[in-house]
Amino acid sequence: MNYPGKRFVGAELALSIHQMWTIPSEICMAAGIEQLEQDLQVLAKAGAAIAAKALALYRDYLQALGRSVRQQLIQASYHVCIQIYPENFLQLSLSQRQQLQQDLQQLGKQVQSTLELARQHLESAESEPLATLEELVEAQEHLEKEIVDALHHTSRQVNQLLQTANILPATPLDIILEVAAKAEAAGRPVTRSPNLLTAMVDSENGDEEEIPETAVIAVYLQLGEIEFTDPLVMMHRNQLRDLGQQISRLQQQTEQKQREKLIAEAGAAWRSTWQDEP
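**A few points about the pattern of salt bridges**
Within this structure, the stated rule accounts for seven salt bridges. Ionic pairing is found between aspartate 39 and lysine 257, a salt bridge with its closest N-O pair at 3.3 Å. On the criterion of sequence distance, the pair formed by aspartate 39 in helix α1 (residues 4-84) and lysine 257 in helix α7 (residues 231-273) is long-range, its members being 218 residues apart. Aspartate 149 is the salt-bridge partner of lysine 145, the closest N and O atoms lying 2.8 Å from each other. Residue lysine 145 and its partner aspartate 149 are both found in helix α4 (residues 133-164); the two are separated by four residues, about one turn of the helix. Salt bridges here are not isolated pairs; linked through shared partners, they connect Asp39, Lys257 and Glu260.

Encoded structure:
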(Lines give C-alpha, C1' and ligand atoms only; values in the text may rest on other atoms or scores of the structure.)
Protein backbone atom coordinates (compact mmCIF):
# COMPACT_ATOMS: atom_id res chain seq x y z
CA MET A 1 0.00 0.00 0.00
CA ASN A 2 1.29 3.45 -0.95
CA TYR A 3 1.07 6.23 1.61
CA PRO A 4 1.64 9.94 0.86
CA GLY A 5 4.25 10.07 3.58
CA LYS A 6 6.06 7.17 1.99
CA ARG A 7 6.24 8.95 -1.39
CA PHE A 8 7.60 12.06 0.32
CA VAL A 9 10.26 10.08 2.11
CA GLY A 10 11.21 8.34 -1.15
CA ALA A 11 11.61 11.66 -2.99
CA GLU A 12 13.67 13.12 -0.16
CA LEU A 13 15.88 10.03 -0.14
CA ALA A 14 16.41 10.26 -3.93
CA LEU A 15 17.41 13.92 -3.56
CA SER A 16 19.86 13.06 -0.82
CA ILE A 17 21.41 10.35 -2.93
CA HIS A 18 21.74 12.79 -5.85
CA GLN A 19 23.40 15.39 -3.64
CA MET A 20 25.67 12.75 -2.14
CA TRP A 21 26.98 11.84 -5.60
CA THR A 22 27.04 15.35 -7.10
CA ILE A 23 28.65 17.52 -4.42
CA PRO A 24 31.61 15.28 -3.62
CA SER A 25 32.19 14.80 -7.35
CA GLU A 26 32.52 18.58 -7.85
CA ILE A 27 34.81 18.86 -4.84
CA CYS A 28 36.98 16.00 -6.08
CA MET A 29 37.14 17.49 -9.55
CA ALA A 30 38.29 20.87 -8.19
CA ALA A 31 40.85 19.14 -6.02
CA GLY A 32 41.98 17.10 -9.02
CA ILE A 33 42.53 20.21 -11.15
CA GLU A 34 44.46 21.85 -8.32
CA GLN A 35 46.65 18.77 -7.96
CA LEU A 36 47.32 18.69 -11.70
CA GLU A 37 48.35 22.35 -11.60
CA GLN A 38 50.75 21.57 -8.77
CA ASP A 39 52.14 18.61 -10.75
CA LEU A 40 52.72 20.86 -13.74
CA GLN A 41 54.55 23.38 -11.56
CA VAL A 42 56.83 20.63 -10.29
CA LEU A 43 57.51 19.49 -13.86
CA ALA A 44 58.23 23.09 -14.90
CA LYS A 45 60.82 23.41 -12.13
CA ALA A 46 62.37 20.12 -13.24
CA GLY A 47 62.48 21.46 -16.80
CA ALA A 48 64.28 24.62 -15.67
CA ALA A 49 66.84 22.51 -13.80
CA ILE A 50 67.42 20.34 -16.87
CA ALA A 51 67.83 23.44 -19.05
CA ALA A 52 70.52 24.80 -16.73
CA LYS A 53 72.26 21.43 -16.74
CA ALA A 54 72.10 21.26 -20.54
CA LEU A 55 73.76 24.67 -20.87
CA ALA A 56 76.56 23.61 -18.53
CA LEU A 57 77.11 20.33 -20.40
CA TYR A 58 77.21 22.08 -23.78
CA ARG A 59 79.79 24.55 -22.50
CA ASP A 60 82.11 21.70 -21.54
CA TYR A 61 81.33 19.78 -24.73
CA LEU A 62 82.04 22.71 -27.05
CA GLN A 63 85.26 23.55 -25.27
CA ALA A 64 86.54 19.98 -25.65
CA LEU A 65 85.21 19.73 -29.21
CA GLY A 66 87.00 22.92 -30.29
CA ARG A 67 90.36 21.60 -29.14
CA SER A 68 89.75 18.21 -30.73
CA VAL A 69 88.65 19.63 -34.11
CA ARG A 70 91.75 21.80 -34.23
CA GLN A 71 94.00 18.78 -33.59
CA GLN A 72 92.21 16.42 -35.97
CA LEU A 73 92.19 19.00 -38.76
CA ILE A 74 95.98 19.11 -38.59
CA GLN A 75 96.22 15.31 -38.39
CA ALA A 76 94.03 14.82 -41.46
CA SER A 77 96.03 17.42 -43.41
CA TYR A 78 99.29 15.77 -42.34
CA HIS A 79 97.97 12.42 -43.58
CA VAL A 80 97.11 13.92 -46.98
CA CYS A 81 100.50 15.60 -47.37
CA ILE A 82 102.70 12.80 -46.02
CA GLN A 83 100.87 9.53 -46.62
CA ILE A 84 98.77 10.18 -49.74
CA TYR A 85 100.54 12.88 -51.78
CA PRO A 86 104.13 12.98 -50.44
CA GLU A 87 105.55 13.76 -53.88
CA ASN A 88 103.39 16.88 -54.15
CA PHE A 89 104.37 18.06 -50.70
CA LEU A 90 108.09 17.58 -51.43
CA GLN A 91 107.79 19.77 -54.51
CA LEU A 92 106.95 22.75 -52.29
CA SER A 93 109.73 25.10 -51.31
CA LEU A 94 110.59 25.60 -47.67
CA SER A 95 108.68 28.86 -47.50
CA GLN A 96 105.65 27.27 -49.21
CA ARG A 97 105.61 24.39 -46.73
CA GLN A 98 105.84 26.81 -43.84
CA GLN A 99 103.04 28.96 -45.28
CA LEU A 100 100.82 25.92 -45.80
CA GLN A 101 101.35 24.78 -42.23
CA GLN A 102 100.65 28.24 -40.86
CA ASP A 103 97.46 28.52 -42.92
CA LEU A 104 96.26 25.13 -41.67
CA GLN A 105 96.94 26.16 -38.09
CA GLN A 106 95.00 29.36 -38.68
CA LEU A 107 92.00 27.40 -39.96
CA GLY A 108 92.16 25.27 -36.82
CA LYS A 109 92.07 28.42 -34.70
CA GLN A 110 89.15 29.78 -36.71
CA VAL A 111 86.92 26.74 -36.27
CA GLN A 112 87.83 26.61 -32.58
CA SER A 113 86.83 30.28 -32.29
CA THR A 114 83.54 29.55 -34.06
CA LEU A 115 82.70 26.82 -31.57
CA GLU A 116 83.82 29.08 -28.74
CA LEU A 117 81.41 31.74 -30.00
CA ALA A 118 78.59 29.22 -29.92
CA ARG A 119 79.57 28.46 -26.32
CA GLN A 120 79.39 32.17 -25.49
CA HIS A 121 75.90 32.33 -26.99
CA LEU A 122 74.87 29.58 -24.59
CA GLU A 123 76.34 31.44 -21.65
CA SER A 124 74.40 34.57 -22.57
CA ALA A 125 71.25 32.46 -22.82
CA GLU A 126 71.54 31.63 -19.11
CA SER A 127 70.45 35.19 -18.30
CA GLU A 128 67.22 34.50 -20.20
CA PRO A 129 65.97 31.09 -19.00
CA LEU A 130 64.15 28.99 -21.56
CA ALA A 131 60.41 29.05 -20.85
CA THR A 132 59.51 25.58 -22.09
CA LEU A 133 61.09 22.26 -22.91
CA GLU A 134 60.15 22.88 -26.52
CA GLU A 135 62.35 26.00 -26.52
CA LEU A 136 65.19 23.98 -25.01
CA VAL A 137 64.91 21.29 -27.68
CA GLU A 138 64.74 23.96 -30.40
CA ALA A 139 67.87 25.66 -29.01
CA GLN A 140 69.70 22.32 -28.96
CA GLU A 141 68.77 21.55 -32.56
CA HIS A 142 69.94 25.00 -33.66
CA LEU A 143 73.24 24.56 -31.85
CA GLU A 144 73.84 21.09 -33.30
CA LYS A 145 73.24 22.49 -36.79
CA GLU A 146 75.72 25.30 -36.10
CA ILE A 147 78.36 22.74 -35.13
CA VAL A 148 77.90 20.61 -38.24
CA ASP A 149 77.81 23.67 -40.52
CA ALA A 150 81.08 24.92 -38.98
CA LEU A 151 82.76 21.56 -39.64
CA HIS A 152 81.53 21.42 -43.24
CA HIS A 153 82.65 25.01 -43.91
CA THR A 154 86.08 24.31 -42.45
CA SER A 155 86.40 21.13 -44.53
CA ARG A 156 85.86 23.16 -47.69
CA GLN A 157 88.46 25.70 -46.60
CA VAL A 158 91.05 23.02 -45.86
CA ASN A 159 90.55 21.35 -49.24
CA GLN A 160 90.76 24.67 -51.06
CA LEU A 161 93.99 25.42 -49.23
CA LEU A 162 95.46 22.03 -50.16
CA GLN A 163 94.42 22.47 -53.78
CA THR A 164 95.92 25.95 -53.92
CA ALA A 165 99.19 24.48 -52.67
CA ASN A 166 98.94 21.80 -55.41
CA ILE A 167 98.75 19.00 -52.84
CA LEU A 168 95.27 17.87 -53.85
CA PRO A 169 94.36 17.55 -57.55
CA ALA A 170 92.29 20.39 -58.99
CA THR A 171 89.06 18.39 -58.87
CA PRO A 172 85.73 20.07 -57.99
CA LEU A 173 85.00 18.83 -54.48
CA ASP A 174 81.84 20.76 -53.55
CA ILE A 175 79.48 18.14 -55.00
CA ILE A 176 81.41 15.32 -53.33
CA LEU A 177 81.29 17.10 -49.97
CA GLU A 178 77.59 17.84 -50.41
CA VAL A 179 76.82 14.16 -51.07
CA ALA A 180 78.93 13.20 -48.05
CA ALA A 181 77.02 15.68 -45.87
CA LYS A 182 73.68 14.16 -46.91
CA ALA A 183 74.98 10.66 -46.19
CA GLU A 184 76.21 11.79 -42.79
CA ALA A 185 72.84 13.38 -41.98
CA ALA A 186 71.17 10.07 -42.87
CA GLY A 187 73.47 8.25 -40.45
CA ARG A 188 75.42 6.35 -43.12
CA PRO A 189 79.20 5.87 -42.88
CA VAL A 190 81.11 8.42 -44.92
CA THR A 191 84.83 8.08 -44.29
CA ARG A 192 87.18 5.11 -44.02
CA SER A 193 90.26 6.88 -42.71
CA PRO A 194 89.73 9.43 -39.91
CA ASN A 195 88.25 12.63 -41.38
CA LEU A 196 89.29 11.67 -44.93
CA LEU A 197 86.80 11.13 -47.71
CA THR A 198 87.54 8.92 -50.71
CA ALA A 199 85.33 9.24 -53.78
CA MET A 200 85.54 7.79 -57.28
CA VAL A 201 85.07 10.29 -60.11
CA ASP A 202 85.22 9.92 -63.88
CA SER A 203 88.62 10.66 -65.33
CA GLU A 204 88.77 13.33 -68.04
CA ASN A 205 91.49 11.38 -69.88
CA GLY A 206 89.42 8.33 -70.77
CA ASP A 207 88.01 7.59 -74.20
CA GLU A 208 84.34 7.83 -75.01
CA GLU A 209 83.66 4.09 -74.81
CA GLU A 210 85.15 3.44 -71.41
CA ILE A 211 85.80 6.27 -68.96
CA PRO A 212 88.06 5.15 -66.11
CA GLU A 213 87.45 6.32 -62.59
CA THR A 214 89.97 8.10 -60.41
CA ALA A 215 90.07 8.09 -56.62
CA VAL A 216 89.76 11.57 -55.12
CA ILE A 217 90.79 12.27 -51.54
CA ALA A 218 89.33 15.13 -49.52
CA VAL A 219 89.42 16.24 -45.92
CA TYR A 220 85.96 15.82 -44.38
CA LEU A 221 85.55 16.72 -40.71
CA GLN A 222 82.79 14.43 -39.51
CA LEU A 223 81.31 15.12 -36.09
CA GLY A 224 80.64 11.52 -35.14
CA GLU A 225 84.17 10.52 -36.06
CA ILE A 226 85.72 13.39 -34.13
CA GLU A 227 83.71 12.39 -31.07
CA PHE A 228 84.62 8.72 -31.42
CA THR A 229 88.32 9.51 -31.73
CA ASP A 230 88.47 11.77 -28.66
CA PRO A 231 87.46 10.08 -25.34
CA LEU A 232 86.80 13.40 -23.58
CA VAL A 233 84.50 14.67 -26.33
CA MET A 234 82.73 11.30 -26.42
CA MET A 235 82.19 11.42 -22.66
CA HIS A 236 80.49 14.82 -22.95
CA ARG A 237 78.40 13.60 -25.90
CA ASN A 238 77.19 10.59 -23.90
CA GLN A 239 76.20 12.92 -21.06
CA LEU A 240 74.22 15.02 -23.54
CA ARG A 241 72.50 11.89 -24.88
CA ASP A 242 71.48 10.87 -21.37
CA LEU A 243 70.14 14.36 -20.75
CA GLY A 244 68.23 14.19 -24.03
CA GLN A 245 66.45 11.07 -22.80
CA GLN A 246 65.54 12.85 -19.57
CA ILE A 247 64.14 15.76 -21.57
CA SER A 248 62.08 13.38 -23.70
CA ARG A 249 60.59 11.67 -20.64
CA LEU A 250 59.84 15.02 -19.01
CA GLN A 251 58.13 16.21 -22.20
CA GLN A 252 55.91 13.13 -22.21
CA GLN A 253 54.99 13.59 -18.55
CA THR A 254 54.22 17.28 -19.09
CA GLU A 255 52.05 16.58 -22.12
CA GLN A 256 50.16 13.88 -20.23
CA LYS A 257 49.48 16.17 -17.25
CA GLN A 258 48.41 19.01 -19.54
CA ARG A 259 45.98 16.65 -21.28
CA GLU A 260 44.58 15.42 -17.96
CA LYS A 261 44.11 19.02 -16.77
CA LEU A 262 42.38 19.95 -20.01
CA ILE A 263 39.97 17.03 -19.68
CA ALA A 264 39.29 17.85 -16.02
CA GLU A 265 38.56 21.50 -16.84
CA ALA A 266 36.25 20.50 -19.69
CA GLY A 267 34.38 18.16 -17.35
CA ALA A 268 34.01 20.88 -14.73
CA ALA A 269 32.74 23.32 -17.36
CA TRP A 270 30.16 20.76 -18.50
CA ARG A 271 28.83 20.18 -14.98
CA SER A 272 28.72 23.90 -14.21
CA THR A 273 26.13 24.51 -16.93
CA TRP A 274 24.28 21.18 -16.89
CA GLN A 275 20.68 21.18 -15.62
CA ASP A 276 18.49 18.11 -15.16
CA GLU A 277 15.14 18.26 -16.87
CA PRO A 278 12.24 18.32 -14.42
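**What to know about the packing of α4 against α7**
One can describe the packing of α4 onto α7 by two numbers: an axis separation of 10 Å at closest approach and a directional angle of 150°. The orientation of α4 with respect to α7, classified from their angle, is roughly antiparallel. The crossing of α4 and α7 is left-handed. Counting all contacts with α4, which are made through Leu133, Glu134, Leu136, Val137, Gln140 and Glu144, the residues of α7 involved are Arg237, Ile247, Leu250, Gln251, Thr254 and Glu255. Among the residues forming the contact of α4 with α7, the class breakdown is five nonpolar, three polar and four charged.

**Considering α7**
Here α7 is 43 residues long and its end C-alpha atoms lie 64 Å apart, about the 63 Å a rise of 1.5 Å per residue gives. What α7 keeps buried is the set Val233, His236, Arg237, Leu240, Leu243, Ile247, Leu250, Thr254, Lys261, Ala264 and Gly267. Backbone nitrogen of leucine 232 and a side-chain oxygen of the N-cap are separated by 3.0 Å at the start of α7; the cap is aspartate 230.

**Description of α4**
Helix length check: α4, at 32 residues, gives a terminal C-alpha distance of 47 Å against a target of 46 Å (1.5 Å per residue), a fit within 8%. Asparagine 166 lies just past α4 and shows a positive phi near 65°.

**Observations concerning the side chain of lysine 261**
You can see lysine 261 is positioned in helix α7. For lysine 261, the side chain forms a polar contact with the side chain of glutamate 265, separated by 2.6 Å. When neighbours within four sequence positions are excluded, lysine 261 is seen to be in contact with Leu36, Glu37 and Leu40.

**Section: the packing of aromatic side chains**
Applying the stated criterion to the full structure yields two aromatic pairs. Between tyrosine 58 and tyrosine 61, the aromatic rings sit 6.2 Å apart at their centres with planes inclined by 85°, giving edge-to-face as the arrangement. One end of the pair is tyrosine 58 and the other is tyrosine 61, both in helix α1 and three residues apart, which spans about a single turn. Like tyrosine 61, tyrosine 58 is buried. With centroids separated by 5.7 Å and ring planes inclined at 15°, the aromatic side chains of tryptophan 270 and tryptophan 274 adopt a geometry described as stacked. With respect to burial, tryptophan 270 and tryptophan 274 carry one shared label: exposed.

**Considerations on the environment of histidine 153**
If you trace the backbone, histidine 153 turns up in helix α4. Residue classification places histidine 153 among the partly exposed positions, given a relative accessible area of 46%. Sequence separation between histidine 153 and tyrosine 220 is 67 residues, and the spatial gap between their C-alpha atoms is 9.8 Å.

Here is what the cut-offs are and how they apply
- Residues numbered from 1 in each chain as written.
- Predicted model: local features only at pLDDT ≥ 70, side-chain atom pairs only at ≥ 80, totals over all residues.
- Heavy atoms only, no water.
- Salt bridge = Lys/Arg side-chain N within 4 Å of Asp/Glu carboxyl O.
- Helix = DSSP H or I, 4+ residues; strand = E, 2+ residues; numbered from the N terminus.
- Axes fitted to C-alpha atoms, helices over the stretch in contact; angles between N-to-C directions.
- Parallel < 35°, antiparallel > 145°, perpendicular 65-115°, else oblique.
- Left-handed = near helix turned anticlockwise from the far one by under 90°.
- Contact = heavy atoms within 4.5 Å.
- Nonpolar A, V, L, I, M, F, W, Y, C, P; charged D, E, K, R; others polar.
- Expected span 1.5 Å × (residues − 1).
- Buried < 20%, exposed > 50% of the residue type's maximum accessible area, 1.4 Å probe, protein only.
- Polar contact = N/O pair within 3.5 Å; in protein donor to acceptor, adjacent residues only side chain to side chain.
- Phe/Tyr/Trp six-rings, centres within 6.5 Å; stacked < 30°, edge-to-face > 60°.

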